[in-house]
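Breakdown of the fold
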Amino acid sequence: MPLLEVDNVTRRYPGHLAVDQVSFSVEQGQLFALLGPSGCGKTTTLRLIAGFEQPDSGHIRLHGEAITHLPPYERRVNTVFQNYALFPHLTARANVEFGLRHERVRHVGNGPARDAAARVDAVLDLVQMTGKAASRPAQLSGGEKQRIALARSLVLEPDVLLLDEPLSALDPNLRKQVRGELKALQRRTGVTFLMVTHDQEEALSMADCIGVMNAGRLEQTGPPRGLYHRPRTRFVAGFLGAVNWIDGSGVRPEAVHVERDGTQGRDATILAVTFLGNCVHVEAELAGGARMVAEIQNPRSEFRPGDEVRLWWRGEDEMRPEA
Ligand SMILES: Nc1ncnc2c1ncn2[C@@H]1O[C@H](COP(=O)(O)OP(=O)(O)OP(=O)(O)O)[C@@H](O)[C@H]1O
Ligand SMILES: [Mg+2]
């Protein structure tokens, strides 16, 4: 039985269908990512699961039991908000403790007999913030604030942790580092994570399973590699990475080979070459006028605009979405 089931859930705002018959399930211990562009309904879906919103139709189940109409505090789920929502006047440790104090009022979480201080210590250790427990949020870096926000939720031992764009407040370099840390933390705790993001690289690198949303609908659900290589729709193909669309099928730039004196493939003329540090993008025009981009990791020879080349790719690298 899946841990969490979202079953045909719809949420309508006046004049807008924010979530349209969405169904997916999350297995125990998984990191599931809901991925999609701005406004596609990701946060609304999380809010429905957390209980801050009520669906117009459909069901939400946790451990097979309907939680659709339970108030938020009776659901064993917890949300880490995008802006972390830490209390500026409290220390890191007190921010984490605050979650627990709240918990006693709300009767959520297990182990009331366990010492609260020990639980806070353990979770601060888990997020590697023991040394900064006495700091206030203003004295912490973005990544450290994020870890305290996580600790505050993890201390409640939720069955599912909902994370809304957990890394978006971080600068790009830190984001990549924290990606790995967050994933490792999820593995260590074994807590099921449902994360919302509009960053396809984040979803591909962190998630066990991705659900791609578009305009309120869930277009496809599956493991990262499956979605990347076998997208069911053009939208999913394009949202997960660049695609060259040729005669109704698609090929990703990294699958396109460029050869100066090849015998296979199609004739093309190079239009532009862009050096990107770890790779080179070669834009070329095929004999029929179509344009393609090839991403080359270690070009053996230098290509220049105007060069006559041949482009080829393997048939198995062609994607043929149904819609
Ligand atoms: N309270 C509301 N009343 C009316 N419309 C709303 C409300 N909340 C959200 N919406 C609309 O529902 C749609 C989905 O919003 P949602 O916040 O779920 O998007 P999102 O996928 O999280 O986007 P982002 O990536 O920008 O955070 C949007 O078009 C939004 O304008
Ligand atoms: Mg959102």
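Fair warning: this is a prediction, and the values are worked out from it, not measured in the lab. (Residues numbered from 1 in each chain as written. Chains lettered and ligands numbered in written order. Predicted model: local features only at pLDDT ≥ 70, side-chain atom pairs only at ≥ 80, totals over all residues. Heavy atoms only, no water.)

**So, the state of the cysteines**
- Summed over all chains, the structure comprises zero disulfides.
- In this model Cys 40 remains outside any disulfide bridge; the closest cysteine sulfur is found in Cys 209, 16 Å from its own.
- Taking the relative accessible area as the measure of exposure, Cys 209 reaches 11% and is therefore buried. (Disulfide = S-S within 2.5 Å. Buried < 20%, exposed > 50% of the residue type's maximum accessible area, 1.4 Å probe, protein only.)

**Quick notes on the nonpolar core**
- One finds Val 96, Ile 148 and Leu 161 to be the most contacted residues of the largest nonpolar core, which totals 43 residues.
- The dominant element in this core, judged by the number of residues it contributes, is helix 4 (residues 142-154), at five residues.
- Setting aside residues up to four positions removed in sequence, Val 96 forms contacts with Val 120, Val 123, Leu 124, Ile 148, Ala 151, Arg 152 and Val 155.
- Grouped together as the second largest cluster of nonpolar side chains are 27 residues, Val 6, Val 9, Val 19 and Ile 49 included. (Core = buried A, V, L, I, M, F, W, Y, C linked by side-chain atoms within 4.5 Å. Helix = DSSP H or I, 4+ residues; strand = E, 2+ residues; numbered from the N terminus. Contact = heavy atoms within 4.5 Å.)

**A short note on the site of ligand 1**
- Around ligand 1, a shell composed of Tyr 13, His 16, Ala 18, Pro 37, Ser 38, Gly 39, Cys 40, Gly 41, Lys 42, Thr 43 and Thr 44 is seen.
- In this structure, Lys 42 approaches ligand 1 through a side-chain N or O atom, which is 2.8 Å from an oxygen atom.
- Sorting the residues of the shell around ligand 1 by element identifies strand 2 (16-26) and helix 1 (42-50) as the ones contributing at least two each.
- It is helix 1 that contributes the most residues to the shell around ligand 1, three residues altogether. (Near = heavy atom within 4 Å. Polar contact = N/O pair within 3.5 Å; in protein donor to acceptor, adjacent residues only side chain to side chain.)

**Some words on the side chain of Arg 119**
- Along the polypeptide, Arg 119 turns up in helix 3 (residues 116-126).
- Only 2.8 Å separates the side chain of Arg 119 from the backbone oxygen of Val 155, close enough to count as a polar contact.

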